[in-house]
Each structure stands twice: as C-alpha cells, then as structure tokens.
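So you can see what is in the structure, the chains are spelled out below.
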Amino acid sequence: METPGRIAATPDALDFTVENVETALHQLYYDPNIENKNLAQKWLMQAQVSPQAWQFCWALLSPEKVPEIQYFGASALHTKISRYWSDIPTDQYESLKSQLFSQIACFSSGSKMVLTRLCVALASLALNTMPEAWPGAVAEMVRVFQEDGGGVDGRARCLALLELLTVLPEEFQTSRLPQYRKGQVRGALGREWGSVCPLLQQLLRRTDSPGAVKARVLRCLSSWVLLDVPLSESEGLVHDCFSALPDPELFDTAVEAIVNAISQPDSQRYVNTLLKLVPQVLALQEQLREAVQNGDMETCHGICRIAVTLGENHSRTLLEQVDHWQSFLALVNMIMFCTGIPGHYPVNETTSSLTLTFWYTLQDEIMSFESDKQAVYLQVYRPVYFQLVDVLLHKAQFPSDHEYASWSSDEKEQFRIYRVDISDTLMYVYEMLGSELLSNLYDKLGRLLTNAEQPTSWQHTEALLYGFQSIAETIDVNYSDVIPGLIGLIPRININNVQLADTVMFTIGALAEWLADHPVMLSSVLPLVLQALGNPDLSVSSVSTLKKICRECKYDLPPYATNIVAVSQEVLIKQIHKTSQCMWLMQALGFLLSALPVEDILRNLHSLITPYIQQLEKLADETPNPSNKLAIIHILGLLSNLFTTLDISKQDDESADGSAPPVKTAPPPPGPNPVVVVLQQVFALIQTVLSKWLNDSQVVEAVCAIFEKSVKTLLHDFAPMVSQLSEMLGQMYSTIPQASALDLTRQMVHIFASETDHFPPIKALFELVTSVTLSIFQQGPRDHPDIVDSFMQLQAQALKRKPDLFLSESLDVKAVFHCGVLSLKFPEAPTVKSTCLFFTELLPHCSDVPPLARVVQEDGKLLVQAVLEGIGGGASRSLMDQFADVLFCLNKHCFSLLAVWLKEALQPPGFPSSRITAEQKDNFSHQILRERVNKRRVKDIVKEFTLLCRGLHGTEYAAEY
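Since the model is a prediction, treat every value here as computed from it, not as a measurement. (Residues numbered from 1 in each chain as written. Predicted model: local features only at pLDDT ≥ 70, side-chain atom pairs only at ≥ 80, totals over all residues. Heavy atoms only, no water.)

Details of the overall build of the chain
Each helix and strand counted, the chain has 45 helices and 0 strands in total. The principal-axis extents of the C-alpha atoms in the chain amount to approximately 105 × 90 × 60 Å. Looking at the chain residue by residue over its 961 residues, the buried ones come to 54%. Intrachain contacts of the chain at a sequence separation of at least 6 include 73% that bridge at least 24 residues. With an accessible surface of roughly 42000 Å², the chain has 51% of that area assigned to carbon and sulfur atoms. A gap of 4 Å separates the mean positions of the 74 positive and 107 negative side-chain charges of the chain. (Helix = DSSP H or I, 4+ residues; strand = E, 2+ residues; numbered from the N terminus. Buried < 20%, exposed > 50% of the residue type's maximum accessible area, 1.4 Å probe, protein only. Contact = heavy atoms within 4.5 Å. Areas by Shrake-Rupley, 256 points an atom, 1.4 Å probe, with all protein chains shown as cover. Lys, Arg positive; Asp, Glu negative; His and termini not counted. Charge placed at Lys NZ, Arg CZ, Asp CG, Glu CD.)

Considerations on the domain arrangement of the chain
Each assigned domain of the chain is listed here: domain 1 (15-86), domain 2 (91-266), domain 3 (292-493) and domain 4 (849-960). Here domain 1 and domain 4 have C-alpha centroids that lie 46 Å from each other. (Domains from an automatic or database assignment.)

What to know about the pattern of salt bridges
Inspection of every chain in the model, using the stated rule, returns 35 salt bridges. A salt bridge links Asp266 to Arg269; its shortest N-O distance comes to 2.6 Å. For Lys814, the salt bridge goes to Glu858, with nearest N and O atoms at 2.8 Å. Here Lys814 is found in helix H38 (residues 813-823), whereas its partner Glu858 is found in helix H40 (residues 850-874), with 44 residues between them in sequence. Salt bridges here are not isolated pairs; linked through shared partners, they connect Lys112, Glu163, Arg216 and Arg219. (Salt bridge = Lys/Arg side-chain N within 4 Å of Asp/Glu carboxyl O.)

Some words on the packing of aromatic side chains
Per the counting criterion, the structure on display carries 25 aromatic pairs. Aromatic pair Phe683 and Phe707: ring centres 5.9 Å apart, planes at 65 degrees, arrangement edge-to-face. Separated by 24 residues along the polypeptide, Phe683 in helix H32 (residues 674-693) and Phe707 in helix H33 (residues 697-714) bring together distant segments of the chain. Accessibility classification places Phe683 together with Phe707 in one group, the buried group. An aromatic cluster of at least three residues, connected via ring pairs, comprises Tyr345, Phe398, Tyr404, Trp407, Phe415, Tyr418 and Trp458. Against the face of Tyr84 rests Lys80, its NZ or CZ located 5.1 Å from the ring centre. Here the guanidinium or amino end of Arg419 rests over the ring plane of Tyr466, the centre of that ring lying 4.0 Å away. (Phe/Tyr/Trp six-rings, centres within 6.5 Å; stacked < 30°, edge-to-face > 60°. Lys NZ or Arg CZ within 6 Å of the ring centre and 35° of its normal.)

Digging into helix H4 (residues 67-83)
Since the α-helix turns once every 3.6 residues, residues separated by three or four places project in the same direction. Between its first and last C-alpha, H4 extends 24 Å over 17 residues, near the 24 Å set by a 1.5 Å rise per residue. The element H4 is largely enclosed, with a buried count of 12 among its 17 residues. Residues Ile69, Gln70, Phe72, Gly73, Ala74, Ser75, Ala76, Leu77, His78, Thr79, Lys80 and Ile81 constitute the buried set of H4. The inward-facing, buried residues of H4 abut helix H1 (18-30), helix H2 (34-49), helix H3 (53-60), helix H5 (93-107), helix H6 (112-129) and helix H8 (154-174). (Expected span 1.5 Å × (residues − 1).)

Brief notes about the side chain of Asp696
Within the secondary structure, Asp696 is located in the loop between H32 and H33. A polar side-chain atom of Asp696 sits 3.2 Å from the main-chain amide nitrogen of Val699. Excluding residues that lie within four positions of it along the chain, Asp696 makes contacts with Lys629 and Gln738. (Polar contact = N/O pair within 3.5 Å; in protein donor to acceptor, adjacent residues only side chain to side chain.)

Side note on the confidence of the model for the chain
On average, residues of the chain score 90 in pLDDT, and 95% of them reach the 70 mark or higher. Mean pLDDT in the chain bottoms out at helix H45 (residues 956-960), which sits at 46, and peaks at helix H27 (residues 539-552), which reaches 97. Per-residue pLDDT stays below 50 along residues 652-665; that stretch engages in 32 contacts with residues further than four places along the chain or on separate chains. In the predicted structure, residues 955-961 sits below a pLDDT of 50 and forms 9 contacts with residues beyond four places in sequence or in another chain. (pLDDT = per-residue confidence, 0-100.)

Some words on helix H42 (residues 895-905)
If you check which residues of H42 are buried, you get Leu898, Trp901, Leu902 and Ala905. Down the axis, H42 shows its buried residues gathered within 100 degrees of arc, on one side only. Along H42, the residues that are exposed and aim more than 90 degrees away from the buried face are Ser896 and Lys903. Where H42 is buried, its residues contact H40, helix H41 (880-893) and helix H43 (918-930). (Arc of directions from axis to C-beta.)

Comments concerning the nonpolar core
In this structure, Phe56, Trp224, Tyr381, Phe707 and Phe718 are the most contacted members of the largest nonpolar core, which totals 342 residues. For Trp224, the contacting residues outside a window of four places in its chain are Val138, Leu165, Leu168, Pro169, Leu189, Glu192, Trp193, Val196 and Val229. (Core = buried A, V, L, I, M, F, W, Y, C linked by side-chain atoms within 4.5 Å.)

Thoughts on the environment of Asn497
Locating Asn497 in the fold gives a position in the loop between helix H23 (483-489) and helix H24 (498-510). In the structure, Asn497 is positioned 53 residues away from Cys550 in sequence and 26 Å away in space, judged by C-alpha atoms. Leaving out residues up to four positions away in the same chain, Asn497 has contacts with Asp401 and Trp458. At a separation of 3.1 Å, a polar atom in the side chain of Asn497 contacts the main-chain amide nitrogen of Leu500.

Details of the packing of H1 against H4
Viewed as axis vectors pointing N to C, H1 and H4 meet at an angle of 115 degrees, and their least axial separation amounts to 10 Å. Read as a crossing pair, H1 and H4 show a hand that is right-handed. Across the interface between the two elements, Val21, Glu22, Leu25, Tyr29 and Tyr30 from H1 touch Glu68, Ile69 and Phe72 from H4. (Axes fitted to C-alpha atoms, helices over the stretch in contact; angles between N-to-C directions. Left-handed = near helix turned anticlockwise from the far one by under 90°.)

Looking at the side chain of Ser223
Relative to the assigned elements, Ser223 resides in helix H10 (residues 211-225). According to the relative accessible area criterion, Ser223 is buried, its value standing at 4%. In this structure the side chain of Ser223 is engaged in a polar contact, spanning 2.7 Å, whose partner is the backbone oxygen of Thr166. In contact with Ser223, other than residues within four places in its own chain, are Thr166, Pro169 and Glu170.

Notes on unusual backbone geometry
Residue Pro131 follows Met130 across a cis peptide bond; omega there is -5 degrees. With respect to the helices, strands and loops of the structure, Pro131 is situated in the loop between H6 and helix H7 (137-146). Following Tyr345, the chain continues into Pro346 via a peptide bond in cis, with omega recorded as 0 degrees. Inspection of the secondary structure puts Pro346 in the loop between helix H16 (325-339) and helix H17 (356-368). Of note in the backbone geometry, Gln575 takes a positive phi value of approximately 55 degrees without being a glycine. Locating Gln575 in the fold gives a position in the loop between helix H28 (561-573) and helix H29 (579-594).

Quick word on the environment of Leu897
By secondary structure assignment, the location of Leu897 is in helix H42. As for Leu897 and Val856, which are separated by 41 residues in sequence, their C-alpha atoms are 9.5 Å apart.

A short note on the state of the cysteines
Under the criterion given, the structure shown has 0 disulfides. Unpaired in terms of disulfides, Cys836 finds its nearest cysteine sulfur in Cys889, a separation of 10 Å. (Disulfide = S-S within 2.5 Å.)

Section: the environment of Val749
Relative to the helices and strands, Val749 is located in helix H35 (residues 739-752). Sequence separation between Val749 and Val813 is 64 residues; the distance between their C-alpha atoms is 18 Å. Not counting residues up to four positions away in its chain, the partners in contact with Val749 are Ile762, Leu794, Gln797, Ala798 and Arg801.

As structure tokens, this is what we get:
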C-alpha cells in the first residue's frame, strides 16, 4: 500500500533518517549535557516538520521500538496532519486513515501515551476531512472498533474507541482550522452526537462494564458537552453521572462531566431539564453530610461544585420558575451549608471559598428584576442574606491561638486572602441589606461586650468588627445611627491579642471620615491609636490609621497635636517601625502640622527634625560607605514625606495626598512658608551631603525628592527657594548628570517658568542642563536611556509652559531636534514615548517660534524617516499610537512639507520594510495626508501599515492587536 511517506522529498534536505532520529531521541532523554539535549530537541523539531517525517514516523511505530521512540513517531504524524494538511494529496486520505486505524488497533493493548497521540492524529485527520471527504466519521469510528478486531480483546478495543472519541472534541477546541471551517466542523460534530450518545449510555448502564471503561465514558461525555451538545440530548447521560457519584473511583470524573454539562452557555434554554436536575442535586445532601462527618474534603468539594455550578449559571432561570420556588430555595440553603461548612479554611476545608461568587450572582439577579417582582423575592431572600452574613463572619473567625500557631505561613496567607474575599462579599451584600446590616452587627457586638455572665472569645469580637470594617472602608456610613454606639463600644474591648488589635485599628481607620464629621468622638479612639503606635506588631495598622485620622480630621486635631507629635517622636527615635511605616508616620505628621498656627508648626518642626539634622551632619562628615548611605537616604526620605503633606494653605483635600497638584482655596498666612524656612536652614547641609555623594544616583534621587515633593505641595509658596535651588541643580547636573535632577528641573519649569521674577534663574538652569545633555549625546547616549527619557520630558514641558525658552540664542535648537530624532530609535519604550511627546509639543509651535520653524523646515525629513523606521518594524508595536500622534501633528502643522517628505522617504525600495510594495506605500501616504482631523483614524492607518511591514497582517497576532 502506498503511504504518505512518498509525498514530497527534497534531495538537499537534512539527513532525517530513522537511525538519526533514534540517536537524537536517545540524546534528548539520556544525555546529561544540557547543551546536547537542547541541540537534539532543536534538530528533532526540524525533523518532525520535514518531508522525511512521512517515511520515518511509520518506522518508529514498529512494535519492537521503545515507547519514547514510538511516541515521537506518533507525534510527528499528528504534526504533519494538523499543521501541513495541505501537503497531503486527496487520493492518499483513505490510505492514511486506514493505516491510523490499524496502528490504533495495534496500540490499544500497548503504550497508553502512544495510543493517545495516534488517536489525536486520527482526530485531526477527521476534522480536516469532515463533513465532505469523510461524512459520518464518528459513526465509522464506532463501527470499525465494534467489529471483531484481529486478536485484540474487546475491552482494549472499547477503551481505544473511547480515547478516540474523547480526544476528537478536544482536538477541535485547539485546532488551527480557519474560522469558516470551524463553523462547518462544529455543525458536523454536533450531528455525530447521535452516534456517540447511545454508545456512552449503553456502556455506563451495563452492570458488567469495568470501572476503567465507565471512567473513560465519563471523560468522553465531559469532552463532548464542551461542544454545546444540547442539555436536553445529554439529559439521560447526566442522570447516569449522578448515579455514578457514590462510586469513589468514578466520583471525580462524574463531577467534572456534570459541571461541564450544566455550565454550558446554551444549557439555560432547557428549563425543564434544569428543573429535573435540582432534586438530583438536593439528593446529594446526605452524601455531603457524611463526607463532612468523615472529613472527606474531596467529596465535599465535588458536591459543592455541582450545587454552585447549577446555582451560579442558572439562578435567573430558576428564580423565574415561581412554581418551583421552594426547590430553588432548598438549593440556595444547600449552598449556604457549603459556605458554612465546618472547619477552618484552608486547613480543615477548601470548599466554602467556591460558593462566594454564587452569592454575588444571586443578588445581581434579584436586584435586576423590576421593583414589584424584586419586592417579592426580597421578602424570601433578605432573611437568607442576613443568615449569610452570620455564616461568613463565623467563617472569618481566627482559630484558637494554639491552632493558628501551628499553621504554615502559606496557610496563614491563604486564610488572609480568604478573609479579604469575605470582606468583599460583605461589602456587596450591604447593597441589598443596607443600614439594617450595620444595626444587626452593632446589636450583636453590643450583646457580646456587655454580657458579663458569658465570657466571649476574642475571635468572635474580632470577626464582628471585621464585618464593620469591611463595610465602612468603602461605603459612606456617615448617615448611620449606630456608629456613635460602635465608637463608644471600642474602648470596652479587652484587646489581648494582635489580630484583634489590628482589626480595632483598621476599623477606626475606616471610620476616619465619620470622625471628621463627629470630632467630639476623637477623644474615645485616639488614645488607643497612640498606644498601638508603640507596638511593632501593630505597625501597619496603627500607622495607617493615624495617617487617615490626621488627613481627614486635621482641623480638629490641634488640641491633641502635642501628644501625637510626642508619641510619634518617641517611636521614631526607638526605631519601632520599618522604613515604609516611618515614611507614612511622617506624612501623618505633615497633615497634622498643616492645621496649626505657623509658630506652632515651626516649634514642632524644630523638635521633630533637629535630631535628624544632627544625625545628618554627623553622617555628612563620614567617609561614604554602604551603611551610612542607607542612613542618609532614610533621613532624606523622612523629610520628603513630611514635606509631601505639610501644606498650610486651605485646599481641596481630595488631591492633597495624590499626584495631581492640590487646588488652593484660600491664601496662605503671611510670612515665609514653614517648609521653606526649614529647607533654607538645611540647604547648606544638603549641599555638603551632595558634594560627597554626587556620583550615587540613589542619594541624588533622595535629595531631589525632598525638593520635588516640596515644590508639588507648596507650588508658588516655594518661590523664595527658586534661585538657590536652580543654582544647586545646575552645579549637580554639570558635575554628574542624573535623571532625577532633570525631573526636578521639569517640575520647576512647570510651576515657575511663566513668572517674570523667576524666569531668569529658570532660563539659566534650562539652558545649562540642555547644553550638558547635548554633550552626552555627542559622547554616546545609549548608556543613559533614563537621562534621555527625562530630558525629552523636560523639553516637552518647556514647550508647553514657556516656548519663549526656545527663542534664546544660547539654546542650540537644531541640536535638541537632532537628539529627539536619535531618541526615537532607542529600544526602551518609555524613552520613545517621551520623545514622541516632545515632538507633538514642538510641531504646533512652528507658527510662533521662528527657531523651531527653521529647524523643522530644514530637518523635518529626518523626523519623518525616523518615525517610518519605527513603524516599519524598528520599534515595539506598543508604540504605534505615539508615532501616529507625531504623523498627525506633522500633517496638521506642516502639511505641504509632509507630502514631500513622505514621498522622498518612502522612495527607496525596501524602506521601511522589504515586505511592502510601492503601491502599499503610496496608499499609506495618501491615507495619512487625507486625515487632518480624525486622530483615531490615523492610529488605525498606522497599525494597519505596521502589520503589513512586519508580515503579520491577517494573522492571529493581528487579531490580538
């Protein structure tokens, strides 16, 4: 019989013989040298796709070969059929099919992994030939394997057939068939279900079917239902799956099959079938309870998955069947049992977490009904959701101290994430239950804390507080009448445990906005927070809570300021907190001091900062080394964070701690700003530190951060420092250029370049850093992408805020333009983005800044060439929108020139890509020149063109783009 091995062979091909393939496989599996393994793997991959694969793959399947070699032969067959189908002549389909059938028959009693690969190969052939060339493919498979097969026992043939039927839909899901073929083949497979279903039913219902056959039947059903087989047509089989659940050997595969069948999107159309499934799921409750009693986590998990899948996927459909409301309510209660399953997650149980999304879904469905209908459902389900809150808070409880101590760090982390999930669920449930939920929690907490007869566990108290915190963190509770009572209860809590203390802190933090509206209650909780500051175990919760209170309630805190500053100073000196918490604490103090009279701010600043200034003076005298570097960066960081939030002007607090400049709503008090006073006092010291550490980018960054944060917060109040700082920045950058100095310069340009008084120092600084950076470009800027990035951002900011800077004769505008063109070719995406921003700011000024107009006229073609080079494949595809913006600006502001430049730049063959024809280039040019208004359209044109240039047009990569 002629084999597909004779299809195509090239005389000059590599020597892919059976012997060489076997040698390479031996090398891959047994050679200890990793390089040899890699070489062998590379060679084998080439062999697999070579024309000779048709010859060697059959030889490798010989019965005397070892399974690893046979497996490679079967894999090579699958690769050729699935990826190079078009190479196979149609007159060889039949012979290839019959060879595969006979090989599968041979291997049905042989190696399982080889059998599977051969089944996948035949499945791929079926998908490529059905329905035209191989109509009734599945029916034929069933017939061939049911016939008496020479010497192969019936059970092995049956298992081989089931393997083939299982991999067929799986191969379809992963196949590379074109979209139109996928639709045809899906339809053909759907019609073949009629041949598969009776066979599976027969095998599952026969009492003499071995366990292995039944397990394979269930796997096969799982695979087919993913093809959207109508639930009404698989109903009988799904029923049989439920019957298989009591068998421990079949349990897992039966669960998988049921879950797959009822979670198919199409299944919600079959309402009657779904209604029949509900009692079948409810009937599993006895098995579930037994599993819980026996500690059988796997069975609990599986039954819960079935109940949740039915509830989650079909809650709408089942809610609408009002005649069956009791059975659906029973299902909801079964899921409630799963949510509250005994034991602590994740150590004693892993089931409860599966149920949480069901409660979201059910709530969404109930709340989506129109109001009359919704009211009826709420009558039934509000009590259920109140019960859910009790169950969730019980599940959120910590175990006993002894038990918790025995948990691994991984288990503790899983429990923490589980509690966050519970917190999110409670927050969501609040939308349905509203203020009654808070009252409910408050009543429970009140009874717990005031009942002297019954001792309470800290775990119970903590869980109730955790419920409050979950809601108050994200929902405005200002209207709630129970919060005053809650604040009153907090001091009554006997805090004898770290977890409880943490939750108390976070709860107070969550109520910071409420405290701002009810400042009289601050005296109840502030002492607790200040006490907690001294405990390193409560570092994160106490510091973040103090920061929230200082931010939200700063205008009510002056009476407590002395105490807060004293306690904070003490914990800072004792070094109780880690670096990041120290920084937060300084931000808290910045908020606090902002609301004090200026003389009080200065007094507090003096006592707060003096120890650090003294330490910094000492460190500045020492020879630089790694440990004093860390200490210097720490102190500079403390000052930065303090100045980030210390702002004496009244302002819109929303942006006070954000990145956007705050909105000033009232003039500051007369006299210099306290931050400026402090900065002027320490300026000389900072210069001394810099002089020793100028070549260390981290120290320079920390110094720049102090001024950058101060400028951002103070805005124009920073004015007295502009001249000094400009001079220092110029000296710093001239000695050792660093990106952080450019970023600070950009900030200064942003705020002060437009002010007449400050223009001279800003202009001098801008010209100096530009000149120094231009010399870096002359020496080779490739080693400094961060400097180039910051430089381009600075130039863009200057063009935006004060284009007059480019009128100066001291500024080499042409050189800056050329640096921009060079920067467009950098491999670092952020640098290219900043450069594109520079050009989109520069081009609109061609009309009002003559030096810019001249350079664009003379050298604009270079810019166009660089942009086209990037689009043609020189730059990452993620940057195409930015290149499109530059082209759009060129078209808008230099239209006639762009037409000439595009024509000239696209003239050379092979530019910007060898894959592009002259006609495609012309078309691109015309499309770009036509769009002077629609920026979105230009982006689409550029994306289309870049895909053509890269040879990706029409591929799956293009679809993701």
